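Coordinates in review
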Amino acid sequence: MDIGSLERAWRRSWMWSIGSLSPGERVATAPDWDSRPWSILYMRTQGIGDLILATGVLRAIARSHETFALDVLTTPAAAPVLDHNPHVRHVHTLSRTLRNYVELEETLARARYDVVIDGKITRGASFIRSPAFALKSRARYRVGVGGGNHRLVFNMCVPAFDRTTTHMIEGSANLALPFGVDLQTTDFRPELFLTEQERERAESAWTSAAGARSTTGRRWLVNLSAGNGRRRWSDERWIALIAHLRARRPCATIAVMGVERESSSVQRVANEAGAVAIPAPRIRDALALVGGSERVLTSNTSITHAASAFSVPTVLLLEYGEDQWGPWKTPSAVAYWTGASVSALDVGTARAALERFLAAHD
C-alpha cells in the first residue's frame, strides 16, 4: 500500500472514530425546532472575509426559529466582524496556542451545544479541528457539507459547494437547509453592524479627507492591502490607476487605506496619485470607512465583502476563475488577472475595468 492510500485510510479511520464516539443518530432528521430552546455553535475559523460572507447565513439561521441561540467559533482576527451583531449570542475564538486549544475544548464541553455547524465549505471539513470540536461539544446534531468522509462525522449533510459555478454566499446558504430556511426567498447578503461612534469617527475621517471637495464628488475608498501576497498589486501600478481616476473624477474624494504595517506605502501612493491617506489601524476602522464610502476600489480581500455588506459599488482586481469571491449582488466591474500573482495585471487592463464602471455606474 502506498503512502497516499495509507493516509486516506488513516483519515477515514479517524473520522469514523469521531462519528462513532459522537452522540445522536448516524443520519439524523431535523427535529421539531420549535419544541424547546436549542443552543447552536457555528464554526468558521478562516479569514476575515470568510466570516463576513457567512453573516447572511448566520442571520438566516438565527431568525429561522425563535428557540435558537446562536454562538460562533472563529479566529481572533475575524471576531471583530461580529461585534454588535444581534443574531450572535457569543463569540469563541481559536488561536494557534495549545493552551487556547485546550481551554476552548473545555469551554465547548461545558456549553453542551445541541447543534454544531461546520462553516468551512470551500475544502470541506478540517481533518482534525472541525471533527474534534464537533466531538467535544457532544452535539447530537452535526451539520456539514456532504461528500468524502464527511458523512462519518456530520449526521446532517448538505450539498457540497461547487466553487466553479457557485458564489461563496450561495454555498454557505446550504448550511441553513436543515433549519427549514427557504433558499429561494431568503436574503443572504452579508451584514455588518457599526456603532454610532464608529460611524461618527469614519464620517470625521471622510470629511477631513475631502477638504475643499466636501460638498462635491463621490467618496472613493482605495484599499491597497491584501492578506495574501499574491493579491497585493504594486504601489507603482496603484499610483497610475488612482491618478487616472483623479483625472477622470477631479471632484471626487479619493482616500487610500491599508493595514498599519503598510502605512508608508499608503502615504506614498496617496501623495503621488493625488489622493489622501486615511488611517485604519483596526479592522473595525476599515469596516466603518467602507460603510461611509460611495465607491470601493480594491484587490480581492475582505474589503470586497465589506462593500457588499454595505451595498457599495466596487471595482475589483480579481484572479480569473475566482468569481465565487466577487461582489455579491452589488454593482461592480472586474479587472481579471491570470498567472502566479496580481503582478500579471497591467495598468491598462485595470484602467479599462475602471472606465467600464464609470460609464455604467458613475
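In what follows, the structure referred to is the one given above.
Summarised in this report is the structure supplied together with it.

Right, let's get into the overall build of the protein. When you go through the protein residue by residue, the secondary structure sums to eleven helices and twelve strands. The C-alpha radius of gyration computed for the protein amounts to 22 Å, which stays within 12% of the reference 21 Å derived for 362 residues, consistent with globular compactness. Projected onto its principal axes, the C-alpha positions of the protein cover 65 × 50 × 40 Å. Of all 362 residues assigned to the protein, the portion counted as buried reaches 55%.

To continue, consider the nonpolar core. Formed by 61 residues in total, the largest nonpolar core has its most connected members in Y42, I117, F179, L221, M257 and V290. Here this core takes nine residues from helix α2 (residues 48–64), the largest share from any one element. Leave out the neighbours within four places in its chain, and M257 touches L221, V222, N223, L224, S225, V266, I278, A280, A286, L289, V290 and I303. Counting 31 residues, the second-largest nonpolar core is a separate cluster that includes L245, A275, V315 and L345.

Here we take up the sheet that holds strand β11 (residues 314–319). Strand order in the open sheet formed by six strands is β9-β8-β7-β10-β11-β12, and the pairing between neighbours is parallel. Only two strands of the sheet have a single partner each, and these edge strands are β9 (276–277) and β12 (332–337). Two strands pair when backbone bridges link them, and strand β7 (residues 219–223) and strand β10 (residues 295–299) are joined in this way by four bridges, in the parallel orientation. Residue pairing across strands places L221 opposite V296, the latter belonging to β10. Of the strands in this sheet, β7, β8 (253–257) and β9 touch helix α6 (residues 196–210), which is tilted by about 100° from β7.

The element helix α10 (residues 302–309) is extensively covered by neighbouring structure, given that eight of its eight residues are classed as buried. Of the surrounding elements, those touching the buried residues of α10 are α2, β7, β8, α9 (283–291), β10 and β11.

Over its 15 residues, helix α11 (residues 347–361) runs 21 Å from end to end, which matches the ideal 21 Å to within 8%, given 1.5 Å per residue. Buried within α11 we find V347, A350, A353, L354, F357 and L358. For α11, the arc enclosing every buried residue in end-on projection is 140°, short of the 170-degree limit, so these residues lie on one face. Exposed and facing more than 90 degrees away from the buried side of α11 are A359 and A360. At its buried positions, α11 is contacted by β7, α7 (235–248), β10, β11 and β12. Among the residues of α11, the N-terminal cap falls to D346, whose side-chain oxygen and the backbone nitrogen of G348 are separated by 3.0 Å.

Turning our eyes to something else, we now look at the packing of α9 against α10. Contact pair α9 / α10: the axes reach a minimum separation of 9 Å and the direction vectors enclose 45°. For the element pair α9 / α10, the angle class is oblique. Crossing of α9 against α10: the hand is right-handed. Contact residues: α9 offers A286, L287 and V290, while α10 offers I303, A306 and A307.

With that out of the way, let us pick up the pairing of β7. Counted residue by residue, β7 has five buried out of five residues, so it is predominantly covered. By the alternation rule, side chains of β7 split into R219, L221 and N223 and W220 and V222, which are all buried. As paired elements, β7 and β8 share five bridges and run parallel to each other. Residue pairing in the sheet places N223 in a bridge with M257 of β8. Between the parallel elements β7 and β8, the chain passes through α7 in a crossover that is right-handed.

Within the secondary structure, G24 is located in the loop between α1 (3–21) and β1 (38–43). Each C-alpha atom of the pair G24 and Q197 lies 46 Å from the other, and the pair is 173 residues apart in sequence. Here G24 is in contact with R140 and N155, once residues within four sequence places are set aside.

With that settled, the discussion passes to the pairing of β11. In terms of residue burial, β11 counts as a mostly covered element, since five of its six residues are buried. Two strands pair when backbone bridges link them, and β10 and β11 are joined in this way by four bridges, in the parallel orientation. Each bridged residue has a counterpart across the sheet, and for V296 the counterpart in β11 is T314. In this view, the connection linking β10 to its parallel neighbour β11 by way of α10 has right-handed handedness. Where β11 meets β12, six bridges bridge the pair, whose relative direction is parallel. Of the residues in β12, the one forming a bridge with E319 is W337.

About the criteria used
Residues numbered from 1 in each chain as written. Predicted model: local features only at pLDDT ≥ 70, side-chain atom pairs only at ≥ 80, totals over all residues. Heavy atoms only, no water. Helix = DSSP H or I, 4+ residues; strand = E, 2+ residues; numbered from the N terminus. Rg over C-alpha atoms; globule rule 2.2 N^0.38 Å. Buried < 20%, exposed > 50% of the residue type's maximum accessible area, 1.4 Å probe, protein only. Core = buried A, V, L, I, M, F, W, Y, C linked by side-chain atoms within 4.5 Å. Contact = heavy atoms within 4.5 Å. Pairing = 2+ DSSP bridges. Axes fitted to C-alpha atoms, helices over the stretch in contact; angles between N-to-C directions. Expected span 1.5 Å × (residues − 1). Arc of directions from axis to C-beta. Polar contact = N/O pair within 3.5 Å; in protein donor to acceptor, adjacent residues only side chain to side chain. Parallel < 35°, antiparallel > 145°, perpendicular 65-115°, else oblique. Left-handed = near helix turned anticlockwise from the far one by under 90°. Right-handed = clockwise from strand over helix to strand, strands pointing away.

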